[in-house]
Amino acid sequence: MAALCLLLGDQLNLSMSSLAKINKEKDYVIMAEVNSEATYVKHHKQKIAFVFSAMRHFAELLKEEGYKVHYVDYLHENNQGSLVSQVQAFVEDNNEFDTLYVAKPGEYRLVKEIEGWSKALNIEINITEDNRFMATEEDFSNWASGKKQLRMEFFYREMRKQYGYLMEDKKPVGDKWNYDADNRKKLPKGQVPPKPDKFDTDDITKDVIKLVQSEFNEHFGDLNEFHYAVTREQALLVLENFIHQRLENFGSYQDAMAQDEPWMYHSHISFYLNSGLLHAKEVLDAAQNAYDNQLAPINAIEGFIRQILGWREYVRGFYWHFMPKLKTDNFLEAKRALPNFYWTANTDMNCLSQSVKQTKEFAYAHHIQRLMVLGNFALLAGLHPDEVNEWYLIVYGDAYEWVELPNVSGMILFSDGGNLASKPYAASGSYINKMSNYCSHCRYSVKEKTGEQACPFNYLYWDFIQRHQSRFERNPRMAMIYRTMSKMDKKQLEYMQDDASSFFEKLANNEKV
Ligand code: FAD
Ligand code: DLZ
Ligand code: SF4
């Protein structure tokens, strides 16, 4: 008898634990482009194009490495439309498999589904560890065990100690764990970040683009241009170029946003990390190497390492720790529907319009756009977590539930009641103005708090603070805000509530805001 290894579209790495279980001589790898995975949410067109093209390229690599690969493309006459039916058809046609190996999927729904497959398949199902990460799920639960608060910063320090990144004699280099305070600069006028890497589309990618245009044309997003890496070599080049061209400025401008500058000094590697083309360890090693060779200042390198060894590992542990509850949490009882401008970018609020436009164009927006513009609005406006989560899962090429859900429900919406964040990431227009030049291109005035011209983020912010007073006034990290509010002119606060109500009415009537 032989074994079968199911490799999912985000497990494109030769060192996957499931591949290690099989024997190249007699066993098979199965990979399938299926409707169920491409449409369980209506993913952005570029996300599907990226995943399918990367899968096809990876299947070629597997064959070159000597694996026997059964690859089912989307339009194959024998395509069954779902992973389970596809595996079942192959098992029945061959009658030689007694075991299926699959590395644990990154989404709870698929793990549950696969756990129920054994009846249909009638072979042993062996779910192996998802080894695309530095920490195992067990590492996270051991760390979390007995703790009242699960703050990323403390998890991150443990990871630094365990893996030795930026450590010297068991201490953090420079005697400081975190250089975030140095990482809040606005992009100076006239400074232009380097252009992003763009790869030519080969025949495989051209075929996939045609396929996506014909089969998924009603999905959100543009596909006029597709420039992402789809092979490991290309992804490694993106990493290398980041280290040499952008890392130096990554820290200083990490929180900055600028008109018509989608890429800034970010690394643009999340598509590749999350699909398996890059492994976190090689990215961290490259950053450590940049430190050893003094290629960039410590605030940049520490900031970058924290995103990967800290945030990325932490949210993944957090997801499994709090699922399935995390998916239905709605601590703030948010109810409002997602405004249409999240799909169209048709709003006068320039920061939102820029962020949605870039999301539509590239299936990418950088962290601060996701957090402090799109996320901040969703929080202040009380958008329902289900709608917000679905939107984020659809629109970003790097979105898988293990990373999307903690960021949305934990980080931006405070739906989990504070397990991830110690206070809501709520901000008025002045934060956006401080970190960007968006406001100078906006029809609203960021300086005004009430009235027709006032930046909606201003009155929505104070409306939010008032609305949730009973929930937050005893939170020590919110105390100063409530002290400030108590000293504010009561009439002014009422005007802001009135403006917020009119704004919400416009949203409800689908009027342009
Ligand atoms: P860089 O800014 O260059 O950062 C380097 C890497 O650090 C990223 O590639 C990513 O792997 C990691 N990283 C940074 N921040 C986070 C974080 N908060 N959580 C996890 N990893 C992080 N990231 C995703 O990969 N998929 C998502 O679906 C996703 N959804 C998000 C939703 C919201 C509301 C927010 C606030 C953040 C989300 N992020 C998500 C995190 C972050 O915005 C993206 O990882 C980042 O923008 C990707 O671009 P980059 O590779 O240029 O990142
Ligand atoms: C995202 C995605 C898409 C669009 N299509 C496929 C597919 O056709 N076949 C496949 O194996 N995987 C696909 N994926 C990735 C899966 O959705 C992903 O493995 C799960 O969501 C778990 O993270
Ligand atoms: Fe955004 Fe307000 Fe600035 Fe306009 S004025 S860009 S809405 S923060």
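On a predicted model such as this, the values are computed, not experimentally measured, just so you know. Think of each chain on its own: its residues are numbered from 1, step by step along the sequence as written. Throughout, the order in which chains and ligands are written sets their labels, letters from A for the former and numbers from 1 for the latter. In keeping with the predicted nature of the model, local features appear solely for residues at pLDDT of at least 70, side-chain atom pairs appear and are counted solely at 80 or more, and the whole-chain, interface and lining totals rest on all residues. Excluding hydrogens and water, the side-chain values take into account all heavy atoms of the structure.

**Structural notes on the site of ligand 3**
Selection criterion: We call a residue near a given molecule or strand whenever any one of its heavy atoms falls within 4 Å of it. Buriedness of a pocket was judged along seven lines, with at least five required to meet protein on both sides within 12 Å; pockets are open sets of points on a 1 Å grid over the protein atoms alone, cavities are sets where a 1.4 Å probe fits but cannot get out, and lining residues have an atom within 4 Å of a point. Criterion for pocket placement: a molecule counts as inside a cavity or pocket if more than half of its atoms are within 2 Å of its grid points.
Within the structure, ligand 3 sits among Met349, Cys351, Gly429, Ile432, Tyr438, Cys439, Cys442, Tyr444, Val446, Cys455 and Phe457. Mapping ligand 3 onto the cavity grids shows that it belongs to the second largest cavity.

**Brief notes about the side chain of arginine 132**
Selection criterion: Runs of H or I in DSSP of at least four residues are treated as helices and runs of E of at least two as strands, each being numbered from the N terminus. Polar contact criterion, stated in full: a pair of N or O atoms within 3.5 Å, where within protein one must be able to donate a hydrogen and the other to accept it, and residues adjacent in sequence count only if both atoms are side-chain atoms. Any pair of residues with heavy atoms lying within 4.5 Å of one another is described as a contacting pair.
Counting through the fold element by element, arginine 132 comes out in the loop between strand E5 (124–128) and helix H7 (137–144). Side-chain polar atoms of arginine 132 contact the backbone oxygen of aspartate 10, separated by 2.7 Å. What arginine 132 contacts, discounting residues up to four positions off in sequence, is Asp10, Met16, Gly106, Asn274, His279, Ala280, Arg312 and Trp402.

**Notes on helix H5 (residues 108–115)**
An α-helical segment advances 3.6 residues per turn. Residues three or four places apart therefore align on the same side. Put simply, the rule reads: Summary of the burial criterion: residues with accessible area below 20% of their type's maximum are buried, those above 50% are exposed, and those between are partly exposed, where the area comes from a 1.4 Å probe applied to protein chains only. Along the arc lie the directions from the helix axis toward the C-beta atoms.
Among the residues making up H5, those that are buried are Leu110, Val111 and Ile114. The buried residues of H5 occupy one face: seen down the axis, they fall within an arc of 105 degrees. Contacts from the buried residues of H5 go to helix H2 (35–39), helix H4 (83–94), strand E4 (97–103), E5 and helix H14 (298–322).

**What about the sheet that holds E5?**
Just so we agree on the cut-off: Only strands joined by at least two bridges in the DSSP assignment are considered to pair. Only the stretch in contact is used when a helix axis is fitted, and all axes are lines through C-alpha atoms; the angle between N-to-C directions ranges over 0 to 180 degrees.
An order of E3-E2-E1-E4-E5 is seen for the five strands of this open sheet, with the pairing classed as parallel. A single partner strand is all that each edge strand has here, and the edge strands are strand E3 (68–72) and E5. Taking each pair of neighbouring strands and ignoring which way they run, the sheet shows an average axis angle of 25 degrees. Bridge count for strand E1 (residues 2–6) against strand E2 (residues 28–32) is three bridges, and the pairing is parallel. By the bridge assignment, cysteine 5 is partnered in E2 with valine 29. Sitting on the sheet, helix H3 (residues 45–64) is in contact with E2 and E3, with an inclination near 160 degrees to E3. Relative to the sheet, H4 contacts E1, E2, E3 and E4, its axis offset from that of E2 by approximately 145 degrees.

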